[in-house]
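# A look at the structure
As a plain string of letters, each chain reads:
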There are 2 protein chains.
Amino acid sequence: MKTTQTATQVIPILGDPVAQVATPRLWNEVFHARGQDAVCVPIDLPSAGLDPFLSWVREARNVPGFLTTVPHKASLALACDELSATARLLGVVNTVRLGEGGALIGEMFDGHGMLDAIEQSGATLAGARLVICGAGAAGGAIALEAANRHAEEIALIDADPERASALAEKVRSAARLRVTTEMPDGADILVNASPAGSPGAAPPPFVEALIAGARCVADALTDPEETALLKAARLHGIPAVAGKEMAACQAERMRAFLGLEQRN
Amino acid sequence: MKTTQTATQVIPILGDPVAQVATPRLWNEVFHARGQDAVCVPIDLPSAGLDPFLSWVREARNVPGFLTTVPHKASLALACDELSATARLLGVVNTVRLGEGGALIGEMFDGHGMLDAIEQSGATLAGARLVICGAGAAGGAIALEAANRHAEEIALIDADPERASALAEKVRSAARLRVTTEMPDGADILVNASPAGSPGAAPPPFVEALIAGARCVADALTDPEETALLKAARLHGIPAVAGKEMAACQAERMRAFLGLEQRN
């Protein structure tokens, strides 16, 4: 028996449901292309299964951590032993790493993913004015990470103004930048982090003039791949960042966090 | 969100260590060739992780069951809610299915796998006289399944005669066939279910005349693929069944038990 061999690294992704999640397929394509001995597996888990999952996964030697999606992001943040500033402030995680002694270390990578993708498109965050549509956890993570990258001003817009105000207050408490909840006349970077623009929903509330004056337009939606917002940006010759680019950047951050990027 | 979609079926295999186990690769090749949405993943789990694993796996909706290897076969047999007659008698399982209400239903498939492979080679079990070298769980499972298939006589041979006697007593208690613990002068089917013949070990104690007079010779070892025993059988023109053929037959039984053979 070759006990010196290393077992395949297994990265579960928890959801309820989970069948719609593209992450296992996308990650496994990356692992396969690299010849990396790792596999991402979906786990369709109701909330009652979270506690035993955590007890079990702390014991497993070849699970470096796990990912999560709806509806477990907040419950898992509560279960973590350590949280990043963003995860603590927003009360959600999408990635949990197993640290020394089985410590659960939680992070929320939506902001990193979106802003990495925006920077890859050529836009600069330092000094930028952003408009973020959608005051949920993704919008919050993007706002906080934009502050980390020295953005100057953020407008948080939501169909529910109270939700936008509540998030704005949180972001102000953590970050030194100007945060408003009103749509400005002009901005450098427009980000949709809301369901607006998905099939059957209204488009995000960015008027033509705002789009035409921006330096970069980004959409977190992955369905459709090319949203009306992205089409409008491209029509004006403005760099457009699609949800799948954000997802790819985010996946790289997650894998690095889980220690899966140094291999090979 | 497409909630009607079915999540990938995930089949963990628990071991400590687990890196040496070929099952995930072999099963995933089968799933891939069939276009079946299922994945077998190794879990390197110390005994302390078994209880939480069981609590968790009862909640996960896309885990139809799991496999296990050393050193968890006996602990998991104790944890099962239902056991096959063979698993109960031998006190070990290598496959556990999740039944109604999360019931753990355990089975030990070594016997089925070996005897399916022997029958595929053309040998008949009904009325046959077998010699089984190795009085561990595999030898016991093979003996019990040979009795189910109406073998007439079994000789159980082990380097430790007390171990052979203890197993012989168990088999006699469950099966109506003649069980001895002495090497006979002649037999129809010779089976090695012991480590004898693996690198660094002595070969199984089957003399040339016994091999020459047999109708089928089988070896459970998978390393080396072609053992000295199998080579000797082939030299005499006798059908030789290799460990990998047993493993393939066993895998099919396991997948059927887990509901993975009806798909596609």
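To keep things clear, this report deals only with the structure shown in the data block. (Residues numbered from 1 in each chain as written. Chains lettered and ligands numbered in written order. Predicted model: local features only at pLDDT ≥ 70, side-chain atom pairs only at ≥ 80, totals over all residues. Heavy atoms only, no water.)

With that settled, consider the overall build of chain A. A tally of regular secondary structure across chain A gives 10 helices and 12 strands. Computed over the C-alpha atoms, the radius of gyration of chain A is 19 Å, within 12% of the 18 Å expected from 2.2 N^0.38 for a compact globule of 264 residues. In terms of overall dimensions, chain A has C-alpha extents of about 65 × 35 × 35 Å along its principal axes. The buried share of chain A, reckoned over its 264 residues, is 57%. (Helix = DSSP H or I, 4+ residues; strand = E, 2+ residues; numbered from the N terminus. Rg over C-alpha atoms; globule rule 2.2 N^0.38 Å. Buried < 20%, exposed > 50% of the residue type's maximum accessible area, 1.4 Å probe, protein only.)

On to the interface of chain A and chain B, then. Often, the extent of an interface is quoted as the loss of accessible area on bringing the components together. Listed per partner, the contact involves 31 residues of chain A and 30 residues of chain B. Roughly 2,700 Å² is buried in total at the junction of chain A and chain B, and carbon and sulfur atoms are behind 70% of that figure. Of all residues in chain A, Ala19, Trp56 and Arg61 of chain A bury the most surface against chain B, accounting for 23% of the area lost on that side. Inspection of the region where chain A meets chain B yields four salt bridges. For the salt bridge of Arg61 of chain B with Asp44 of chain A, the shortest nitrogen-to-oxygen distance reads 2.8 Å. For the pair chain A and chain B, the interface holds eight residue pairs in polar contact (both at pLDDT 80 or more). (Contact = heavy atoms within 4.5 Å. Buried area = accessible area lost by both parts, 1.4 Å probe. Salt bridge = Lys/Arg side-chain N within 4 Å of Asp/Glu carboxyl O. Polar contact = N/O pair within 3.5 Å; in protein donor to acceptor, adjacent residues only side chain to side chain.)

This paragraph deals with the pattern of salt bridges. One pass over the structure, following the stated rule, counts 32 salt bridges over all chains. Where Arg149 of chain A meets Glu145 of chain A, a salt bridge forms, and the shortest distance between an N and an O atom there is 2.9 Å. Accessibility expressed as a relative area gives 12% for Arg149 of chain A, which makes it buried. Glu29 of chain B is paired through a salt bridge with Arg25 of chain B; the nearest N and O atoms lie 3.5 Å apart. Placement of both Glu29 of chain B and Arg25 of chain B in helix α1 (residues 23-34) is noted, with a separation of four residues, approximately one turn of the helix.

Further remarks concern the packing of helix α6 (residues 137-148) of chain B against helix α7 (residues 161-174) of chain B. All names here are of chain B. Where α6 meets α7, the axes come as close as 10 Å, and the angle between the chain directions of the two elements is 25°. Relative to α7, α6 is oriented roughly parallel. Between α6 and α7 lies a crossing of right-handed hand. Of the residues in α7, those touching α6 at Gly139, Gly140, Ala143 and Leu144 are Leu167, Val171 and Ala174. Its residues assigned to classes, the contact of α6 with α7 comprises five nonpolar, two polar and no charged. (Axes fitted to C-alpha atoms, helices over the stretch in contact; angles between N-to-C directions. Parallel < 35°, antiparallel > 145°, perpendicular 65-115°, else oblique. Left-handed = near helix turned anticlockwise from the far one by under 90°. Nonpolar A, V, L, I, M, F, W, Y, C, P; charged D, E, K, R; others polar.)

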